[in-house]
Amino acid sequence: MTSTASTVDYVRGDATAPLGKGVKVIAHVCNDLGGWGKGFVLAVSRRWSEPEAAYRRWHRERSKNDFGLGAVQLVQVTEYLWVANLIGQRGIRTGRSSGPPVRYEAIDTALATLGGHVLSLGASVHMPRIGCGLAGGRWESVEPLVRARLTERGIPVTVYDYD
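This structure is a prediction, so every number in the text was calculated from the model and none was measured.

1. Some points on the layout of surface pockets
Next up, step 1: Each pocket or cavity is described by its volume, and for the largest pocket that value is around 710 Å³.
Next up, step 2: Every residue lining the largest pocket is counted, 32 residues in all, and those nearest its centre are Lys 38, Gly 39, Phe 40, Val 41 and Leu 134.
Next up, step 3: Among the secondary structure elements, those contributing two or more residues to the lining of the largest pocket are β2 (24-31), α1 (40-47) and β6 (157-161).
Next up, step 4: The element that contributes the greatest number of residues to the lining of the largest pocket is α1, accounting for 5 residues.
Next up, step 5: For the lining of the largest pocket, a count of residues per class yields 15 nonpolar, 10 polar and 7 charged.

2. Re helix α4 (residues 139-149)
Note that an α-helix has 3.6 residues per turn; residues three or four places apart therefore point the same way.
Next up, step 1: Here α4 has its buried residues at Trp 139, Val 142, Glu 143, Leu 145 and Val 146. Buried residues of α4, viewed axially, fall in a sector of 160°; they line one side.
Next up, step 2: Residues of α4 that are buried sit in contact with β1 (8-12), α3 (104-121), β5 (124-127) and β6.

3. A look at the pattern of salt bridges
Next up, step 1: Using the criterion set out here, one finds 7 salt bridges in the structure.
Next up, step 2: A salt bridge links Asp 14 to Arg 47, with the nearest nitrogen and oxygen atoms 3.3 Å apart. With a gap of 33 residues between them, Asp 14 in the loop between β1 and β2 and Arg 47 in helix α1 connect regions that are remote in the sequence.
Next up, step 3: Taking relative accessible area as the criterion, Asp 14 reaches 22% and is therefore assigned partly exposed.
Next up, step 4: Under the relative-accessibility criterion, Arg 47 is labelled partly exposed at 45%.

Conventions we followed
Residue indices begin from 1 for each chain and proceed along its sequence in written order. Restriction of local features to residues with pLDDT of at least 70 applies here, the model being predicted, together with a cutoff of 80 or more for giving and counting side-chain atom pairs; totals for whole chains, interfaces and linings are based on all residues. Side-chain descriptors were evaluated using all non-hydrogen atoms of the structure, hydrogens and water having been removed beforehand. As defined here, a cavity is a set of points on a 1 Å grid over the protein atoms alone where a 1.4 Å probe fits but cannot get out. A pocket is an open set with protein on both sides within 12 Å along at least five of seven lines, and residues line them when an atom is within 4 Å of a point. Grid points are joined across faces, edges and corners, and a volume is the space filled by probe spheres set on the points. Here a strand is any run of E in DSSP of at least two residues, a helix any run of H or I of at least four, and the numbering for each starts at the N terminus. Residues are sorted three ways: Asp, Glu, Lys and Arg are charged, Ala, Val, Leu, Ile, Met, Phe, Trp, Tyr, Cys and Pro are nonpolar, and all the rest, Gly among them, are polar. Accessible area is worked out with a 1.4 Å probe on protein chains only. A residue is then buried under 20% of its type maximum, exposed over 50%, and partly exposed in between. The directions from the helix axis to the C-beta atoms form the arc being described. What makes two residues a contact is simply this: any of their non-hydrogen atoms within 4.5 Å. Between Lys or Arg on one side and Asp or Glu on the other, a salt bridge is scored when a side-chain nitrogen of the former is within 4 Å of a carboxyl oxygen of the latter.

Written out as structure tokens, the structure is:
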């Protein structure tokens, strides 16, 4: 039996300017409050207006859709580029917060769903260290989810560390 597993490649750079050829999906973690205004989403919004507009509409119309922890929204921004809004964060961190807002189970669910979409697109996945910025997660907990849900299914993943 041959393995179709890909690797997680780590590069220095900007995940909103993904490297390589072919169809690409930029994945990032969003909160479940409808808030879009800090962290990686600012870099996304500087390049494209569609992901933020789609996320805000998705949240606004949540009584009629699947918005919630573990959900995925794919937004096409160019012919060969998509942005995946993954709901993997419960609320936001405040002065009264008890523990980080990251929800690993939700990230795992979202990555599993994303994997199916990415395979059907024949795409690669590009991301910052999702869930590890404002969400307060630890990469040692997120990376195994990325491997299990994406690279072990043969999906190439590039993780970008921004200087």
